[in-house]
Amino acid sequence: MKYKFRIKGMSCSACSNSIEKVVRKIDGVKQADVSLIEEILTVESDLDLSKNVITAVKKAGFKAFPFAEK
C-alpha cells in the first residue's frame, strides 16, 4: 500500500533527500519518495507505519502530516 504525507519545512533537494533517507531506514518501508515541489512524501509499505514515519521526519527537523486530498 501507498501512504502519503504532507511535509512542511523543506527548502531544497537536500531536505527532501534527508527525509527519504531517514524514512527508508524504518523497518517495513519498501520505498519512500519526496516531491519537493508538491511537499508530499509517498511511502510504500505493507504496514501502516504512519506514526513511525511522522516521528522520523520530525527527528530530521521537518513536520509531516497524513495527506488529506481536498
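Look above for the structure.
Rules used throughout
Residues numbered from 1 in each chain as written. Predicted model: local features only at pLDDT ≥ 70, side-chain atom pairs only at ≥ 80, totals over all residues. Heavy atoms only, no water. Helix = DSSP H or I, 4+ residues; strand = E, 2+ residues; numbered from the N terminus. Expected span 1.5 Å × (residues − 1). Buried < 20%, exposed > 50% of the residue type's maximum accessible area, 1.4 Å probe, protein only. Arc of directions from axis to C-beta. Contact = heavy atoms within 4.5 Å. Phe/Tyr/Trp six-rings, centres within 6.5 Å; stacked < 30°, edge-to-face > 60°. Lys NZ or Arg CZ within 6 Å of the ring centre and 35° of its normal. Core = buried A, V, L, I, M, F, W, Y, C linked by side-chain atoms within 4.5 Å. Pairing = 2+ DSSP bridges. Axes fitted to C-alpha atoms, helices over the stretch in contact; angles between N-to-C directions. Salt bridge = Lys/Arg side-chain N within 4 Å of Asp/Glu carboxyl O.

Before going further, it helps to examine helix 1 (residues 13-24). Taking 1.5 Å of rise per residue, the 12 residues of helix 1 would be expected to cover 16 Å, and the 16 Å separating its terminal C-alpha atoms lies within 8% of that figure. Along helix 1, the positions that sit buried rather than exposed are Cys 15, Ser 16, Ile 19, Glu 20 and Val 23. End-on, the buried residues of helix 1 take up no more than an arc of 135°, which puts them together on one face. Packing partners of the buried residues in helix 1 comprise strand 1 (2-8), strand 2 (29-35), strand 3 (40-45) and helix 2 (50-59).

Turning our eyes to something else, we now look at the packing of aromatic side chains. By convention here, two paired aromatic rings are described through the distance between centres and the angle between planes. Counted by the stated rule, this structure contains zero aromatic pairs. Sitting over the ring of Phe 67, Lys 4 keeps its end group 5.8 Å from the ring centre.

Counting residues in hydrophobic clusters, the biggest one holds 19 residues, and the most contacted among them are Ile 7, Ile 19, Val 23, Leu 41, Val 53 and Val 57. Those elements giving two or more residues to this core turn out to be strand 1, helix 1, strand 2, strand 3 and helix 2. Filtering out sequence-adjacent residues up to four positions away, Val 53 remains in contact with Phe 5, Val 23, Ile 26, Leu 41 and Val 43.

This paragraph deals with the sheet that holds strand 2. Across the sheet, four strands lie side by side as 2-3-1-4; this open sheet has antiparallel pairing. Looking at the sheet topology across the chains shown, the edges are occupied by strand 2 and strand 4 (63-66). Direction aside, neighbouring strands of the sheet carry axes that sit 25° apart on average. When strand 1 meets strand 4, the two strands line up antiparallel, connected through four bridges. Within the sheet, the bridge partner assigned to Phe 5 lies in strand 4 and is Pro 66.

With that out of the way, let us pick up the pattern of salt bridges. Side chains that differ in sign of charge can pair as their charged atoms come close. Per the stated rule, a full pass over the model turns up four salt bridges. For Glu 20, the salt bridge goes to Arg 24, with nearest N and O atoms at 3.7 Å. One end of the pair, Glu 20, and the other, Arg 24, are both in helix 1, four residues apart, so they sit about a helical turn from each other. Three or more residues are tied together by salt bridges with common partners; here these are Glu 20, Arg 24 and Asp 33.

Quick look at the pairing of strand 2 now. In summary, the side chains of a regular strand alternate between the two faces of the sheet. Across six bridges, the pairing between strand 2 and strand 3 is antiparallel. Among the inter-strand pairings, Ala 32 is bridged to a residue of strand 3, identified as Val 43. In this structure, the hairpin formed by strand 2 and strand 3 is closed by a connection of four residues, where Glu 39 is found at a positive phi of approximately 60°.

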